[in-house]
Amino acid sequence: METTPERPPRRRIRIPHLQALKESGEAWPMLTTYDVHSAGIFDDAGIPVLLVGDSAANSVFGHETTIPITIEEMVPLVRAVTRSAKHALVVADLPFGSYQVSVEQAVGTAVRLMKEGRAHAVKLEGGRAFAPHITAVVNAGIPVMGHVGFTPQSEHRLGGYRVQGRGDTSTSVVADAHAVEDAGAFAVVLEMVADQVAKTVTGELRIPTVGIGAGPHTDGQVLVWTDMAGLGRGRVPSFVKRYADLAGALDAAATSFARDVRARRFPGAEHTFT
Ligand code: KIV
């Protein structure tokens, strides 16, 4: 049967598939998701990698930063996504404070996301300083996606949302990405990284890079789904492209529902048991 590039063959995506995409030069998409409906829709749409990001802190729980979300809040979101996604590789974020204390803590949290959330892999933020954590989690049999450049959990140390890798800091981003690869990660997110630095990293690393605000040269591209689909009503970063206006669609639906109820047009006969 012929398949289109938009709808790849239905099979469970595994890490070697991502590696093969890197080797063939084919770019791939990744989206965040935190619930059963969006996960099922993105899975059916052929998104190969779904990230249950700690951006749920903002997108689900309404916090200003990703710092407050806990592992107890993350696990049920991960479980909802893994119940729903039949083909995608599901990666779950280790939230702030659930891995920084020690390598043992990192392994313990990653195990929970795999065992209770049924994730297929985990992601954690940090470069050279977190190489031992990545290695320990990988040695426990758990695939790790790294995350370098702008790391939102460290936004207070980094002085806010700032592009990383400009000027003198470029060598630091490159060194962090190499450290993550050498520690055993299967892929690395580059967030808000100057595009030429992302290009260098993507060229130098054997593992795939996934960009968010890192320009066009990375192997994959990730967006927070509520930004991508226009569900959030706040400001979105300049690197986001909005592909839909879900907030507008929901507003229109809720307004029509309310109008029908007030005018006694809903429920109609077809919605009524006799
Ligand atoms: O939590 C998240 O959504 C992320 C992406 C920004 C990569 O880490």
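Residues numbered from 1 in each chain as written. Predicted model: local features only at pLDDT ≥ 70, side-chain atom pairs only at ≥ 80, totals over all residues. Heavy atoms only, no water.

*Asks:* Would you explain the sheet that holds strand E4 (residues 121-123) in this entry?
*Replies:* The pairing of strands in a sheet comes from backbone hydrogen bonds and takes either a parallel or an antiparallel form. The strand order around the closed barrel formed by 8 strands is E1-E2-E3-E4-E5-E6-E7-E8, and the pairing between neighbours is parallel. Recorded for the sheet is a direction-independent mean angle of 25 degrees between the axes of neighbouring strands. In the sheet, strand E1 (residues 28-32) pairs with strand E2 (residues 49-52) via 3 bridges, with the strands oriented parallel. Bridging across to E2, Thr32 finds its partner in Leu51. Here helix H5 (residues 103-115) sits on the sheet and contacts strand E3 (89-93) and E4; the angle it forms with E4, its principal contact strand, is near 135 degrees. (Pairing = 2+ DSSP bridges. Helix = DSSP H or I, 4+ residues; strand = E, 2+ residues; numbered from the N terminus. Axes fitted to C-alpha atoms, helices over the stretch in contact; angles between N-to-C directions. Contact = heavy atoms within 4.5 Å.)

*Asks:* How should helix H1 (residues 15-24) be read in this particular structure?
*Replies:* An α-helix turns once per 3.6 residues; consequently, residues spaced three or four apart project the same way. For H1, every residue scored as buried is listed here: Leu18, Leu21 and Lys22. The arc that holds the buried residues of H1, viewed along the axis, is 100 degrees, so those residues lie on one side. Projecting away from the buried face of H1 at angles above 90 degrees are the exposed residues Pro16, Glu23 and Ser24. Tucked inside the fold, the buried residues of H1 contact E1, E2, E3 and helix H9 (195-204). (Buried < 20%, exposed > 50% of the residue type's maximum accessible area, 1.4 Å probe, protein only. Arc of directions from axis to C-beta.)

*Asks:* Where do I start with the site of the ligand in this structure?
*Replies:* Residues in contact with the ligand, as listed here, are Thr32, Leu51, Gly53, Asp54, Ser55, Asp93, Lys123, His147, Glu191, Ile212 and Val224. The contact in question runs from an oxygen atom of the ligand to an N or O atom on the side chain of Asp54, over 2.9 Å. At 2.8 Å from an oxygen atom of the ligand is found a side-chain nitrogen or oxygen belonging to Lys123. In the complex, 96% of the free accessible area of the ligand, which totals 260 Å², lies under the protein chains. (Near = heavy atom within 4 Å. Polar contact = N/O pair within 3.5 Å; in protein donor to acceptor, adjacent residues only side chain to side chain. Areas by Shrake-Rupley, 256 points an atom, 1.4 Å probe, with all protein chains shown as cover.)

*Asks:* Before we go on, may I ask you to explain the pairing of strand E5 (residues 144-149) in this structure?
*Replies:* The two faces of a sheet get side chains in turn, since along a regular strand they alternate between them. The buried fraction of E5 is high, at 6 of 6 residues. Residue alternation in E5 divides its side chains into two sets, Val144, Gly146 and Val148 and Met145, His147 and Gly149, and both sets are buried. Here 2 bridges tie E4 to E5, and the two strands are oriented parallel to one another. Across the sheet, the residue bridging to Lys123 is Met145, located in E5. Between the parallel elements E4 and E5, the chain passes through helix H6 (residues 131-139) in a crossover that is right-handed. In this sheet, strand E6 (residues 187-191) lies alongside E5 in parallel orientation, the contact comprising 5 bridges. Along E6, the bridge assignment pairs Met145 with Ala187. (Right-handed = clockwise from strand over helix to strand, strands pointing away.)

*Asks:* Looking at this model, I keep getting lost on the packing of H5 against H6. Mind explaining?
*Replies:* A pair of packed helices is characterised by two quantities: the angle between their axes and the separation of those axes. One way to put it is that H5 packs onto H6 with a least axis distance of 9 Å and a crossing angle of 45 degrees. The orientation of H5 relative to H6 falls into the category oblique. Here the hand of the crossing between H5 and H6 comes out right-handed. Listed contacts from H6 to Val103, Ala106, Val107 and Ala110 of H5 are Pro132, His133, Ala136 and Val137. Residues belonging to the contact of H5 with H6 are distributed by class as follows: 7 nonpolar, 1 polar and no charged. (Parallel < 35°, antiparallel > 145°, perpendicular 65-115°, else oblique. Left-handed = near helix turned anticlockwise from the far one by under 90°. Nonpolar A, V, L, I, M, F, W, Y, C, P; charged D, E, K, R; others polar.)

Distances and angles like these do not, on their own, reveal function.
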